[in-house]
Amino acid sequence: MIDIRNATFYYNEPDEEDEDAGHKPALSHVSLNIPFGEFVAFLGRNGSGKSSLSRLLNGIELPTEGTVLVEGHNTSERSSLPAIRRAVQIVFQNPENQQVGITVGEDIAFGLSNIGWPQEEIASRIAWAIQLVGLEADEERPVSNLSGGEKQKLALASVLALAPRCLILDEATSMLDPVARRQFVETLHEVRKQVPFTLIYITHHLEEVTGADRWVLFRSGEIIAEGTPAKLEQDTVLLENCGLELPYYHRLAGLLRQQGISVPADMNEQKLRDLLCT
Amino acid sequence: MHIKLNDVTFTYSKRRRNKPLAGPFVLQHLGLSVESGEMLAIAGKSGSGKSTFLQLLKGFLAPSEGTVELDATDPHLSRRPQVFDRVGFIFQYPEHQLFSTTVFEDIAFGLQSAKLTAEEKEVKVRAAMEAVQLDYEQFKDRSPFELSGGEKRRVAIAGVVVLEPEVLILDEPTAGLDLQSRTSLFDLLHSMNRQRGMTVMWVSHQLEEILEHASRLIALKEGQFLADGHPTDLLSDPLLLEAFGWEEPPALAVTRLLRKLGSVPSNEILSPQEAADTITKLLSSRQISV
């Protein structure tokens, strides 16, 4: 569904006369293929290129070199952009930056009207989206009355209403408290059971993406590793280089395995108790 | 600086003459005393009143009832708002507020009203950059906008540190930062705390971070302090955890479990490595005895 071929991207194109002016590309020769329905995590330090790549995927930015194809459409072709922007939706870290309506209903309706959703079906689509993300609010409720977690669920509802083929969450949970964060992640996975879409999840917190199909690790604008969480988890040095830390129980389980002690993959307090008390 | 809150209540509704204070109340009857040099974390859901509470300490807001005292002075009552200048305030995502063309100009902005000579200004900016571990010569002339996320945040913090606050308040300072940037930000806060005796108060949603760095935790719920104490005690208190819907940080749970089985010194929290060593020892001693 997404095919990135040897993409290089500069926010400011390097000066032709002054090649080595110190401008480094935000992305350098990146190639990546993501089939429809996959859950992929983009991981890496601040400034490593994760967000830049996600901006290339819906044509907010265009590659300086190379190509980005979304369902066969080239993002560099102007005529493809409406289809691409509809297919790829992004939720950012601060929900308030992407809320436009006064009420919950208006906010969801905005995107739908924009893409020419049939007027008579908008109301039912709003109700569908509210229910889908489990937002306990009717459509008349003012957006300003929502909590942080509810606002982020609304942002999710607003983009899911547009039936995206690919959803990008760019640190979408970083402003939420632990409870709201857990609920948001649970909601997301509930939704994925009902509506299929490709999920690209950008985060600094590995515990949110232990269930991903694939981790893609970025460093200095390059993809330096990709693979299943089970495989990459073992390379703690690599992860640390990418600014990542495994959750406590994962680190503990890895260390115990090194000592030849067999431990369950999904270790928790109860399983540790079982291990020690049998 | 000693901070004291006496029975502070806050509402955004206007007070009507001869009428009792009308709600909704964002904060209710808060009492608090914070000594110089504390590392104090504040936790609670969005909407629990954390930001309002912090803004009272900086004087952006005044209490509707009760008083806020800084070193035994109520700056509102005594009409000495300049006392609030001794409190530094760093908003969420402070790097969004950078605006100057160079790092030097951005950091020096807050010094404008102080009528300093160019030399004096340079000394102060240099010291602030040193405090946030940004090399003066390397960074002073660069545009803040071409720096990495962690560096930008350092510039923003330097812009507050340059005013030499006695108390530093930060609203979710590690949100959106990677592991290395989070670690070095806390190294920085600890060193300013130790060297200058600066009080650090910060809002955090990360219980692990609180456990690792705070000497005191205040938990706010619906405008009231539900708990105030040492993070190790509060974050293993089942009633409190339930009230906030929190999960006990794994480091605490594992340490408690291993302590029950022996050989873990009290007041120590085990890292994964230390826990793994303890578990390995426990299991191998059993095999021998079997």
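Scroll up for the structure.
About the cut-offs
- Note that residues are indexed from 1 along each chain, following the sequence as it is written.
- Chain labels run from A onward and ligand labels from 1 onward, assigned in the order the entries are written.
- Local features are withheld for residues below a pLDDT of 70 in this predicted model, meaning they are given only at 70 or higher, and side-chain atom pairs are given and counted only at 80 or more; totals for whole chains, interfaces and linings count all residues.
- Each side-chain value is worked out from all heavy atoms of the structure, with water and hydrogens disregarded.
- Under the DSSP-based scheme used, a helix requires at least four consecutive residues in state H or I and a strand at least two consecutive residues in state E, with every element numbered from the N terminus.
- Three exposure classes are used, based on accessible area relative to the maximum for each residue type with a 1.4 Å probe and protein chains only: buried under 20%, partly exposed in between, and exposed over 50%.
- Residue contacts are counted whenever heavy atoms from the two residues lie within 4.5 Å of one another.
- Only the protein chains shown count as cover for residues, and the accessible areas themselves come from Shrake-Rupley with a 1.4 Å probe.
- Note that His is not counted, nor are the chain ends; the positive residues are Lys and Arg, and the negative ones are Asp and Glu.
- A single reference atom marks each charge: NZ on Lys, CZ on Arg, CG on Asp, CD on Glu.
- As defined in this context, the radius of gyration uses C-alpha atoms, and a globule is described by 2.2 Å times the residue total to the power 0.38.
- Strands are labelled as partners when DSSP assigns at least two bridges between them.
- Between the N-to-C directions of two axes lies an angle of 0 to 180 degrees, each axis being a line fitted to C-alpha atoms and, for a helix, fitted only over the stretch in contact.
- Simply put, the buried area is the total loss of 1.4 Å probe accessible area from both parts when two parts are fitted together.
- Salt bridge, as applied in this entry: a Lys or Arg side-chain nitrogen positioned within 4 Å of an Asp or Glu carboxyl oxygen.
- Here the nonpolar group is Ala, Val, Leu, Ile, Met, Phe, Trp, Tyr, Cys and Pro; Asp, Glu, Lys and Arg are the charged ones; every other residue, Gly included, is treated as polar.
- Any angle that is under 35 degrees is reported as roughly parallel, and any over 145 degrees as roughly antiparallel; angles of 65 to 115 degrees are reported as roughly perpendicular and all others as oblique.
- It is the rotation of the near helix from the far one that decides the hand of a crossing: anticlockwise by less than a right angle makes it left-handed, clockwise makes it right-handed.
- Only protein atoms enter the 1 Å grid used here. Points where a 1.4 Å probe fits but cannot escape make up a cavity, open sets with protein on both sides within 12 Å along at least five of seven lines make up a pocket, and a residue lines them when an atom lies within 4 Å of a point.
- Grid points are joined across faces, edges and corners, and a volume is the space filled by probe spheres set on the points.

K.L.:
Pulling in residues and values, what's your account of the overall build of chain B?
P.N.:
From N to C terminus, chain B includes 11 helices and 9 strands. Projecting the C-alpha coordinates of chain B onto the three principal axes gives extents of approximately 80 × 60 × 30 Å. Out of the 290 residues in chain B, the part that is buried amounts to 52%. Sequence separation of at least 24 residues holds for 62% of the intrachain contacts in chain B that already meet a minimum separation of 6. Roughly 13800 Å² of accessible area belongs to chain B as shown, and the carbon and sulfur atoms make up 50% of that amount. Separation of charge centres in chain B, based on 31 positive and 39 negative side chains, amounts to 6 Å.

K.L.:
Go over the overall build of chain A with me, naming the residues and quoting the values.
P.N.:
Along the backbone of chain A there are 10 helices and 10 strands. In terms of C-alpha radius of gyration, chain A reaches 21 Å, essentially the compact-globule figure of 19 Å for 278 residues. When the backbone C-alpha atoms are referred to their principal axes, chain A occupies close to 65 × 55 × 30 Å. Considering chain A as a whole, with its 278 residues, one finds that 53% of them fall into the buried category. Excluding contacts between residues fewer than 6 apart, the proportion of contacts in chain A whose partners are at least 24 apart in sequence is 64%. Carbon together with sulfur atoms contributes 46% to the accessible area of chain A, which is approximately 12700 Å² in total.

K.L.:
Pulling in residues and values, what's your account of the sheet that holds strand β1 (residues 2–9) of chain A?
P.N.:
Residues and elements named next belong to chain A. One open sheet accounts for 4 strands, arranged β2-β1-β4-β5; its pairing is antiparallel. Only two strands of the sheet have a single partner each, and these edge strands are β2 (27–34) and β5 (73–74). The sheet contact formed by β1 and β2 spans 5 bridges and is antiparallel. The residue of β2 that forms the bridge with Asp3 is Asn33. Its contacts with the sheet place helix α1 (residues 50–57) against β1, β2 and β4 (65–70), and it is angled at close to 120° to β1.

K.L.:
Explain the interface of chain A and chain B to me, using residue names and the numbers behind them.
P.N.:
With 35 residues of chain A at the interface, the matching set in chain B holds 41 residues. Summing the contributions of chain A and of chain B, the shared interface buries around 3300 Å²; its carbon and sulfur component is 59%. Sorting the residues of chain A by area buried against chain B places Asn46, Tyr248 and Leu276 of chain A first, and these three jointly supply 22% of that buried surface. Where chain A meets chain B, there are 3 salt bridges. The partner of Arg256 of chain B in a salt bridge is Glu269 of chain A, with the nearest N and O atoms 3.8 Å apart. If you list the elements that add at least two residues to the side of chain A that touches chain B, you get α6 (178–194), α8 (236–241), α9 (248–258) and α10 (269–277) of chain A. Taken together, the residues of the side of chain A that touches chain B break down into 15 nonpolar, 10 polar and 10 charged.

K.L.:
With reference to specific residues and values, describe the packing of helix α5 (residues 149–161) of chain B against helix α6 (residues 179–196) of chain B.
P.N.:
All names here are of chain B. Running from N to C, α5 and α6 point in directions that differ by 20°, and their axes come no closer than 10 Å. Classified by the interaxial angle, the pair formed by α5 and α6 is roughly parallel. Where α5 crosses over α6, the handedness of that crossing is right-handed. In this structure, α5 contributes Gly150, Arg154, Ile157 and Val161 to the contact, and α6 contributes Ser181, Ser184, Leu185, Met192 and Arg196. Across the contact of α5 with α6, the residue classes tally to 4 nonpolar, 3 polar and 2 charged.

K.L.:
Can you tell me about the layout of surface pockets, naming the residues and giving the values?
P.N.:
There is about 1800 Å³ of room inside the second largest pocket. Looking at the second largest pocket, it is lined by 46 residues, and the ones nearest its centre are Gly47 of chain A together with Leu147, Ser148, Gly149 and Lys152 of chain B. Taken together, the elements giving at least two residues each to the lining of the second largest pocket come down to α1 of chain A together with α5 of chain B. Among the elements that take part in the lining of the second largest pocket, α5 of chain B stands out by supplying 5 residues, more than any other.

K.L.:
Please give an account of the environment of Ile34 of chain A that cites residues and values.
P.N.:
Residue and element names in this part refer to chain A. Its place among the elements puts Ile34 in strand β2. Its relative accessible area of 0% is what places Ile34 among the buried residues. With 147 residues separating them along the chain, Ile34 and Arg181 place their C-alpha atoms 26 Å apart. Beyond its immediate stretch of four places on either side in the chain, Ile34 contacts Met1, Ile2, Val40, Phe42, Thr198, Ile200 and Arg214.

K.L.:
Describe in detail empty space enclosed by the protein, supporting the description with residues and values.
P.N.:
Here the structure, examined in full by the defined rule, presents 1 cavity of 30 Å³ or more. In this structure, the largest cavity occupies an estimated 40 Å³ of space. Lining of the largest cavity is provided by Asp177, Pro178 and Val179 of chain A together with Gly44, Lys45, Ser204, His205, Phe244 and Trp246 of chain B. When grouped by side-chain class, the residues that make up the lining of the largest cavity number 4 nonpolar, 3 polar and 2 charged.

K.L.:
Please set out the packing of α9 of chain A against helix α10 (residues 250–260) of chain B residue by residue, giving values where relevant.
P.N.:
Between α9 of chain A and α10 of chain B, the least distance of the axes is 9 Å, while the angle of their chain directions is 50°. On the basis of their axis angle, the class for α9 of chain A and α10 of chain B is oblique. Contact with α9 of chain A, carried on its side by Tyr248, Tyr249 and Leu252 of chain A, involves Pro250, Ala251, Ala253 and Val254 of chain B of α10 of chain B and no other residues of that element. Looking at side-chain class alone, the contact of α9 of chain A with α10 of chain B contains 7 nonpolar, no polar and no charged residues.

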